[in-house]
Amino acid sequence: MKKHFAKLIALLVAVLMICSALACSAVDSNPTIGKVGKVKLDLNMYYSRYQNYAQYLSYGVSGATIAAQIKNELIVYGVALDKCYKLGFDKFTDEEIAEIDAQLDESIKSVLEGYKDKIDKSITDPTEIYNAEMKLFKAELKKNGMSYKAYVKSIRNSLEENYMLDKLRAYSDAEITITDDDIDAFIQEQSITDMENYQDPEKILDFYSAYTGYQQGSGMIPLYNPENIFFVKHLLVKYSSTKEDAAVPTGGAQGKNGVWDLEGFEKITEVMNYLKSEEATLEGFEELIAEKGEDEGMKQDGFKDTGYIMNENFISKYSDGFGYAAMKLYFGRDWEPAEEEEEEDTENPGEETENPGEETEDPTETEAPVESSEPDDATDDPNETEDPDETGDDDEDEPKYTVGYFTVKDADGNDVTVVSVETTYGIHFIVKSGDLTPGHVTINTEGHDDPEWVKIKEYRTNSVLEEHYNENLKKWQSETKIKFNERYLTYLETQLGLTSTHTPSSEPRASTCA
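Each chain has its residues counted from 1, following the order in which its sequence is written. Given that this is a predicted model, residues contribute local features only at a pLDDT of at least 70 and side-chain atom pairs are listed and counted only at 80 or more, while totals for whole chains, interfaces and linings are drawn from all residues. Side-chain descriptors were evaluated using all non-hydrogen atoms of the structure, hydrogens and water having been removed beforehand.

Student: Can you walk me through the overall build of the protein in this structure?
Tutor: Elements are defined by DSSP. Helices are runs of H or I of four residues or more, strands are runs of E of two residues or more, and each kind is numbered from the N terminus. Across its full length, the protein holds 14 helices and 13 strands. Buried residues are those whose accessible area, probed at 1.4 Å on protein chains only, stays under 20% of the maximum for their type, while exposed residues exceed 50% and partly exposed ones sit between those limits. Here the protein, with 514 residues, has 42% of them falling under the buried criterion. Method for areas: the Shrake-Rupley scheme with a 1.4 Å probe, in which residue coverage is limited to the protein chains shown. As displayed, the protein has an accessible area near 27,800 Å², and 47% of this comes from carbon and sulfur atoms.

Student: Explain the environment of D125 here, please?
Tutor: Topologically, D125 is positioned in the loop between α4 (94–112) and α5 (126–143). Within polar-contact distance, the side chain of D125 engages the backbone nitrogen of T127 at 3.1 Å. Two N or O atoms form a polar contact when they lie within 3.5 Å of each other; inside protein one atom must be a possible hydrogen donor and the other a possible acceptor, and for residues adjacent in sequence the pair counts only when both atoms belong to side chains.

Student: What am I meant to see in the side chain of D194 here?
Tutor: Secondary-structure assignment places D194 in helix α7 (residues 180–198). Within the buried set, D194 has no salt-bridge partner at all; the shortest N-O distance to an opposite charge, 9.9 Å, is to K203. In this description, contact between two residues means that some pair of their heavy atoms is separated by no more than 4.5 Å. Non-local contacts of D194, meaning those with residues more than four positions away in its chain, are made with P222, L223 and Y224. Here Asp and Glu are counted as negative and Lys and Arg as positive; His is not counted, and neither are the chain ends. Here a salt bridge means any side-chain nitrogen of Lys or Arg lying within 4 Å of a carboxyl oxygen belonging to Asp or Glu.

Student: Sorry, what's going on with the pairing of strand β2 (residues 39–42) here?
Tutor: For a regular strand, side chains alternate in direction, first toward one face of the sheet and then toward the other. Across four bridges, the pairing between strand β1 (residues 32–36) and β2 is antiparallel. Of the residues in β2, the one forming a bridge with V36 is V39. A pair of strands is treated as paired once DSSP finds two or more bridges between them. The antiparallel pairing of β1 with β2 creates a hairpin that spans two residues between the two strands, and G37 there sits at a positive phi of about 65°.

Student: How should the sheet that holds strand β4 (residues 230–238) be read in this particular structure?
Tutor: With antiparallel pairing, the five strands of this open sheet are ordered in space as β7-β4-β11-β10-β9. Looking at the sheet topology across the chains shown, the edges are occupied by β7 (308–310) and β9 (404–409). Strand after strand, the sheet turns through a mean of 35° between neighbouring axes, direction not considered. Contacting β4, β7, β9, β10 (415–422) and β11 (426–435), helix α12 (residues 322–331) crosses the sheet at an angle of about 40° to β11. Angles run from 0 to 180 degrees between N-to-C directions of axes, and those axes are lines fitted to C-alpha atoms, restricted for helices to the stretch in contact.

Student: Please clarify how the pattern of salt bridges should be interpreted in this entry.
Tutor: Pairs may arise between side chains of opposite charge once their charged atoms sit close together. The final tally for this structure, using the stated rule, is 21 salt bridges. R49 is the salt-bridge partner of E73, the closest N and O atoms lying 3.8 Å from each other. Linking E73 in helix α3 (residues 63–86) with R49 in helix α2 (residues 43–53), this pair joins segments that are 24 residues apart in sequence. With a closest N to O distance of 2.5 Å, D415 and K409 form a salt bridge. Its relative accessible area of 53% is what places D415 among the exposed residues. Here K409 falls in the partly exposed class, since its relative accessible area comes to 37%. Linked through salt bridges whose partners overlap, the residues forming this network are D101, R156 and E160.

Student: Explain the side chain of K167 here, please?
Tutor: Structurally, the position occupied by K167 is in helix α6 (residues 148–173). Its relative accessible area of 18% is what places K167 among the buried residues.

Student: Where do I start with the nonpolar core in this structure?
Tutor: When a protein is soluble and globular, its nonpolar side chains tend to lie buried together. Here, nonpolar core refers to any group of buried Ala, Val, Leu, Ile, Met, Phe, Trp, Tyr and Cys residues whose side-chain atoms link them within 4.5 Å. By size, the foremost hydrophobic cluster in this structure holds 64 residues, and its most contacted members are I309, F429 and I456. Looking at this core element by element, the count peaks at six residues for α12. If we skip the residues at most four places from it in the chain, I309 touches F207, Y208, Y211, T212, Q215, I229, F230, F231, F314 and Y318.

Student: Would you explain unusual backbone geometry in this entry?
Tutor: With glycine set apart, most residues show a phi of negative sign, and most peptide bonds adopt trans. With phi around 60°, N228 is a residue other than glycine that occupies positive phi space. Phi at H448 takes a positive value of approximately 55°, unusual for a residue other than glycine. For H448, the position within the fold is in the loop between β12 (439–440) and α13 (451–478). Classification of H448 as partly exposed rests on a relative accessible area of 21%.

Student: Teacher, can you tell me more about the sheet that holds strand β13 (residues 482–484) here?
Tutor: The pairing of strands in a sheet comes from backbone hydrogen bonds and takes either a parallel or an antiparallel form. Within the open sheet, the three strands sit side by side as β2-β1-β13. Their pairing is antiparallel. Two strands bound the open sheet, and with one partner strand each, they are β2 and β13. Strand after strand, the sheet turns through a mean of 20° between neighbouring axes, direction not considered. Lying over the sheet, α3 contacts β1, β2 and β13, oriented at roughly 155° with respect to β2.

Student: In this structure, what is going on with the packing of aromatic side chains? I would like to understand it.
Tutor: To describe a pair of aromatic rings, you give the distance between the ring centres and the angle between the ring planes. The pairing test for Phe, Tyr and Trp rings, Trp by its six-membered ring, is centres within 6.5 Å, and the orientation test on the planes gives stacked under 30 degrees, edge-to-face over 60, and tilted for anything in between. Under the defined criterion, the tally for this structure stands at 23 aromatic pairs. On the basis of an interplanar angle of 90° and a centroid distance of 5.9 Å, the ring pair of F92 and Y163 is categorised as edge-to-face. Taken as a pair, F92 in the loop between α3 and α4 and Y163 in helix α6 lie far apart in primary sequence, 71 residues in all. Here the aromatic rings of Y330 and F331 are separated by 4.8 Å at their centres, their planes lie at 85°, and the arrangement is edge-to-face. A relative accessible area of 26% places Y330 in the partly exposed class. Site record: aromatic cluster; members linked through ring pairs are Y198, F207, Y211, Y214 and F231.

Student: I keep staring at the pairing of β10 and nothing clicks. Help me out?
Tutor: The buried count for β10 comes to six of eight residues, which makes it a mostly enclosed element. As defined by bridge partners, β9 adjoins β10 across six bridges and the pair is classed as antiparallel. By the bridge assignment for β10, K409 is matched with D415. Hairpin remark: β10 followed by β11, antiparallel, with three residues in the connecting loop.

Student: Even after reading the chapter, I still don't get the environment of W260, so can you show me in this structure?
Tutor: With respect to the secondary-structure elements, W260 resides in strand β6 (residues 259–260). Under the relative-accessibility criterion, W260 is labelled buried at 0%. Separated by ten residues in sequence, W260 and T250 have C-alpha atoms that sit 9.7 Å apart. A distance of 3.2 Å separates a polar atom in the side chain of W260 from the backbone oxygen of K238.

Student: Is there a simple way to think about the packing of α3 against α13 in this case?
Tutor: Orientation of α3 relative to α13, taken along the N-to-C sense of each, is 85°, at an axis distance of 10 Å. In this view, α3 runs roughly perpendicular relative to α13, as classed from their interaxial angle. Listed contacts from α13 to I75, V76, V79, A80 and K83 of α3 are Y469, L473, W476 and Q477. Think of it as three bins: nonpolar holds Ala, Val, Leu, Ile, Met, Phe, Trp, Tyr, Cys and Pro, charged holds Asp, Glu, Lys and Arg, and polar takes everything else, Gly as well. A breakdown of the residues in the contact of α3 with α13 according to their chemical character gives seven nonpolar, one polar and one charged. Angle categories are assigned with fixed cut-offs, so that under 35 degrees is roughly parallel, over 145 is roughly antiparallel, 65 to 115 is roughly perpendicular, and the rest are oblique.

The structure is reproduced here in structure tokens:
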């Protein structure tokens, strides 16, 4: 809530500065900057979208690109809402009004939850608690220049608009019919398309994106698997600090890229002692992954059962060192990357980064022996190897990556290798957890009750409906009058740092802001 009000204050200050520059005779704290059909677009709408994208300026995205994106979003919003008015979706039934009222009540109750710990603990009556919370909320609204009535009106308007837009989407969706036979035909066609794409070495990374999207529930299963795709699970124990001058905590340990506190070092010791024991099993190690692992991805439904997909071409998708150690589980200890390949410290296993350049806290990097601040004979170096790998340049005294090897037994008594590797995040204990059978993926289309068929139908249906809705938006936009106060918009973009140059002659001069 405080963050919301801080943004509101910043917005109002910006508005006052801009209006002052525009020589407004009567300052409007939320002036109209454009109109799409009968829908007015105001400064609040622009600024809220600006806040969503402003961070990308630091990633090298140009202000012009962000400004164009904001303007396009406002146009799409205006076109859709204007179509709602044309179709009469702003006329609500008594049942719809009751539903909106209920949503409004829930929204306000949710806000008041934030004041629960601020009221007098001696108040126990539910009605009195509600009144006390409401009093604090209204006081904070007033402090920030907003009345409770205005707040409620704003929330109701948003709820009504969302309701209208939902009806518009249903209106568009009703124009499309997708049969089970359509899905069967799509599966056949997509299977061929996937084979052509994923057999192409230049498109192998597309498979990584498609499959991890499938694991995360945001896409359908790829219908063709390339060769040498396997899965890995890992147990990560993160550094307690990665600062260069970080002191080793009492009872902790020094790593190559950071330090562990006592709790982390004890966890590493427990895992290593188990892996070195004669009783170590794959099932027991997987239990340790669930209990001791600090990678949140390994706790997600899409990854905890199968693990992360791995392939020689996917190494750059994981942090430096993780992929290197994982590949030795598949090809053996003698495997080394081709000389022209170079690993890059990028992102979490199985998760594509949304904000380029933003560091995440998860798998993979390089490794080194652990040095305890209080020597303990109970454990050896976490990455101790039986046969040190000779990687890196010949003139280096130690390998670029130190990989440790352990052996556990699976349910059938077969040996299974677990490797350890230290990275910029901590130490990882990695095990190969499965393979993907290369070739076409078989989907049972008989009866249309195969779980994967059902998922494909849902994915394909949503894709077709989304595409149709976007086509409708383009058509509706061509039928709608769109007008922006371009001089005002240009000046606004300049004030927000979305344009690189600005001269006094470009400042709009008008008696009003609309």
